[in-house]
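# Chains, contacts and geometry: an overview
The lines below spell out each chain.
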Amino acid sequence: MSDVEAEPREARRGEEDAGEPPGGTPRVEVLAPRDVPLGGPRAMTVRRTLPQRSRTLIGAWCFADHYGPDDVSVTGGMDVAPHPHTGLQTVSWLFSGEIEHRDSLGSHAFVRPGELNLMTGGHGIAHTEVSTGRTTVLHGVQLWVALPEEHRGTARDFQHHVPEPVRTEGAEIRVFLGSLAGVTSPVPAFSPLLGAEIALRPHTSVTLAVDPGFEHGLLVDQGSVRLADTLLRPAELGYVHPGPGTLTLANESDDTARAVLLGGTPFEEEIVMWWNFIGRSHEDIVRARADWQNSSDRFGTVDGYPGERLPAPVLPHATLTPRRNPPRH
Ligand code: MN
């Protein structure tokens, strides 16, 4: 996906963090989504929970867009022309529908529900994302992972993985990155990371062992999910600081609930995010933008898209400043 929101608006600010009471229930901060139109000839709108004013990253997860279920006969579906990425990985995860992916590595893949598509931008990549004619309902998430300094110039890459679902009494879990519920994704990451889909049957709860060094975010897709003591509504993201060794999720409704659990060790580097680029400085972004506008080999070319590539937006007059998470109180 391509970020058209070059200057994110301020979102509802969460309460100031007071940490967890010692030995008590993890404290959950609720990050509310904001609607972001993706622009272009189609009218698709996504719900964005990362980044926002009160939180830039959860582990290395730095971007979370949630969309659908959209009737593509109404919205037109997804159609993102060739555009670049640098310094990050993109994770496409669907609940419904199908997206055709092509990139400048030569990859040609179909993103389907329950299948991880992980694209590494590294030094530079370009790609297209188009929902297919077989798609009637499009529903999923698009997530970005910031690459740590030592790997942000890595070679472009593309990985596809279909996790075997883990079924417990109350839940069905698909671990696409990292380890949870006794399984580990074979897909390598550049920093300690967790990504998993969790479906909860009606009137059930599940307690999951998690890495206490990780911070976590639970993005609710459908239904309402109680995370520790906090009820999260659809499209909300519940944030938990590092510390707890378990997380308890409960579905108190009559219908199946579904969420995506993200986690990772806190990402301590400051990053500069602008459009589809992540760098460490204003100059990094200026260089990446110029390289894209000049059709540099840095990003390569994408075959098979019937249209022009996306031009980069105009840079703001002000110097882009690094972002990091607010300090923990
Ligand atoms: Mn993209």
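Residues numbered from 1 in each chain as written. Predicted model: local features only at pLDDT ≥ 70, side-chain atom pairs only at ≥ 80, totals over all residues. Heavy atoms only, no water.

Spacing of three or four residues puts side chains on the same side of an α-helix, whose turn is 3.6 residues. Here helix α2 (residues 282-293) contains twelve residues, and its C-alpha end-to-end distance of 17 Å stays within 8% of the 16 Å for a straight helix at 1.5 Å per residue. Two residues or fewer after α2 comes S295, characterised by a positive phi angle close to 55 degrees. (Helix = DSSP H or I, 4+ residues; strand = E, 2+ residues; numbered from the N terminus. Expected span 1.5 Å × (residues − 1).)

A separate point is the nonpolar core. Grouped together as the largest cluster of nonpolar side chains are 33 residues, with contacts concentrated most on W61, C62, V91, L116, L143, F176 and L177. Sorting the residues of this core by element identifies β4 (61-71), β6 (88-96), β9 (116-120), β11 (137-146), β14 (171-177), β22 (237-240) and β24 (257-264) as the ones contributing at least two each. Per-element tally for this core: the top contributor is β11, with five residues. Residues within four places of L143 in sequence aside, it is in contact with W61, F63, A64, Q89, T90, V91, F176 and L262. (Core = buried A, V, L, I, M, F, W, Y, C linked by side-chain atoms within 4.5 Å. Buried < 20%, exposed > 50% of the residue type's maximum accessible area, 1.4 Å probe, protein only. Contact = heavy atoms within 4.5 Å.)

Let's shift gears to the packing of aromatic side chains. The full count for this structure, using the stated rule, is seven aromatic pairs. Look at F63 and W144: their rings are 3.9 Å apart centre to centre, the planes differ by 15 degrees, and that puts the pair in the stacked class. With F63 in strand β4 and W144 in strand β11, this pair connects stretches of sequence that are 81 residues apart. Across the pair, W144 and F63 agree in class, each one buried. Through a chain of ring-to-ring contacts, the aromatic side chains of W274, W275, F277, W292 and F299 assemble into a single cluster. A cation over a ring is seen here: R134 above F110, with NZ or CZ 5.7 Å from the ring centre. (Phe/Tyr/Trp six-rings, centres within 6.5 Å; stacked < 30°, edge-to-face > 60°. Lys NZ or Arg CZ within 6 Å of the ring centre and 35° of its normal.)

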